[in-house]
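Below are the chains, spelled out letter by letter.
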Amino acid sequence: MIYKLIANSCGIISLMSGEKTLHIPEGINFDCTGCGNCCFSWPVPLTDEDLNRIVSLKIEGVKEEPFHIIKTDSPGSLSERSFTSALGKRPDGKCQFFAPDNRCQIHVEFGEEAKPAMCRLFPYTFTPTPAGVYASASFASTGVLYNSGRPLSEQRPHLLRTLELFFKLFPDLAPDW
């Protein structure tokens, strides 16, 4: 889907082509701090596409069968329908692709697009409303807690790509108004 942008001084992006307006509030900043906290303890759900892509990667220092995958039998809720499995964690609770330098080995070697969809979404959040979709960021992120980095209003192209991914994962999501 190709979007044409019309931005105004309030940080609102109009998605022309019949799509909703993306509202980006001022005062929220985020850039990754490199702390690695998002790679601890959190389950990383995978789509079939994620799983196939990651299994096909030749990741430095990782054996042929490195993955601890948790398969789900039948996803139930709307939020689970896109996800068919999850990355298992190492015994220390960290993601199995978490490198000693607090970076994602997949991201380092293959770029952001190679990472699981959920990792690419985090910490951005999108809330569909009758007035459009509101972008924000999760306080589960250290960078968001410290309000560190660039304003979200300066991250429009990235937010639009992330919003497109969000709607790809949750196509039937509709506000319950």
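This write-up is about the structure you can find in this document.

Rules of the game
Residues numbered from 1 in each chain as written. Predicted model: local features only at pLDDT ≥ 70, side-chain atom pairs only at ≥ 80, totals over all residues. Heavy atoms only, no water. Helix = DSSP H or I, 4+ residues; strand = E, 2+ residues; numbered from the N terminus. Buried < 20%, exposed > 50% of the residue type's maximum accessible area, 1.4 Å probe, protein only. Contact = heavy atoms within 4.5 Å. Areas by Shrake-Rupley, 256 points an atom, 1.4 Å probe, with all protein chains shown as cover. Expected span 1.5 Å × (residues − 1). Patch = residues over 30% accessible without salt bridge, like charges linked within 9 Å, V, L, I, M, F, W, Y side chains within 5 Å. Salt bridge = Lys/Arg side-chain N within 4 Å of Asp/Glu carboxyl O. Disulfide = S-S within 2.5 Å.

**A closer look at the overall build of the protein**
Across its full length, the protein holds 5 helices and 8 strands. Starting at the N terminus and ending at the C terminus, the protein contains elements arranged as β-β-β-β-α-β-β-α-α-β-β-α-α. Sorting the 177 residues of the protein into buried and exposed places 38% on the buried side. In the protein, 65% of the contacts between residues at least 6 apart in sequence involve partners at least 24 apart. Surface summary for the protein: the accessible area is close to 10300 Å², and the carbon and sulfur share equals 57%.

**A few points about helix H5 (residues 156–169)**
Spanning 14 residues, H5 covers 20 Å between terminal C-alpha atoms, matching the ideal 20 Å at 1.5 Å per step. Within H5, burial applies to His-158, Leu-159, Leu-160, Thr-162, Leu-163, Leu-165, Phe-166 and Leu-169.

**A closer look at unusual backbone geometry**
The linkage connecting Phe-122 with the following residue, Pro-123, adopts the cis geometry, with an omega of 5°. For Pro-123, the location among the structural elements is in the loop between helix H3 (117–121) and strand S7 (124–129). Here Asn-102, not a glycine, exhibits a phi torsion of approximately 65°, which is positive. When you line up the elements, Asn-102 lands in the loop between strand S6 (85–87) and helix H2 (105–110). Taking relative accessible area as the criterion, Asn-102 reaches 30% and is therefore assigned partly exposed. A positive phi angle is found at Asn-147, which is not glycine, with a value near 55°. By the secondary structure assignment, Asn-147 is in the loop between helix H4 (142–145) and H5.

**Let's talk about a nonpolar patch on the surface**
On the surface, a cluster of nonpolar side chains totalling about 420 Å² of accessible area is made up of Phe-139, Leu-145 and Tyr-146. Examined against the element boundaries, Phe-139 turns out to sit in the loop between strand S8 (132–137) and H4. Under the relative-accessibility criterion, Phe-139 is labelled exposed at 60%.

**Observations regarding the state of the cysteines**
Within this structure, the stated rule accounts for 0 disulfides. No disulfide involves Cys-39; its nearest neighbouring cysteine sulfur is the one of Cys-38, lying 4.0 Å away. Of the cysteine sulfurs around Cys-95, a residue in no disulfide, the closest is that of Cys-39, at 5.8 Å. For Cys-95, a relative accessible area of 11% translates into the label buried.

**Quick look at the pattern of salt bridges**
Here the structure, examined in full by the defined rule, presents 8 salt bridges. Its salt-bridge partner being Arg-120, residue Asp-50 comes within 4.0 Å of it at the nearest N-O pair. A residue pair is termed long-range when its members are at least 10 positions apart, and Asp-50 in helix H1 (residues 48–56) and Arg-120 in helix H3 qualify at 70 residues. Residue classification places Asp-50 among the buried positions, given a relative accessible area of 1%. Classification of Arg-120 by relative accessible area gives buried; the value is 12%. Between Arg-90 and Asp-92 there is a salt bridge, with the nearest N and O atoms lying 3.1 Å from each other. Residue Arg-90 is classed as partly exposed on the basis of its relative accessible area of 27%. Of the residues examined, Asp-92 reaches a relative accessible area of 48% and is grouped as partly exposed. Shared partners join several salt bridges into a network, and the residues in it are Glu-49, Asp-50, Arg-53, Glu-113, Arg-120 and Lys-168.

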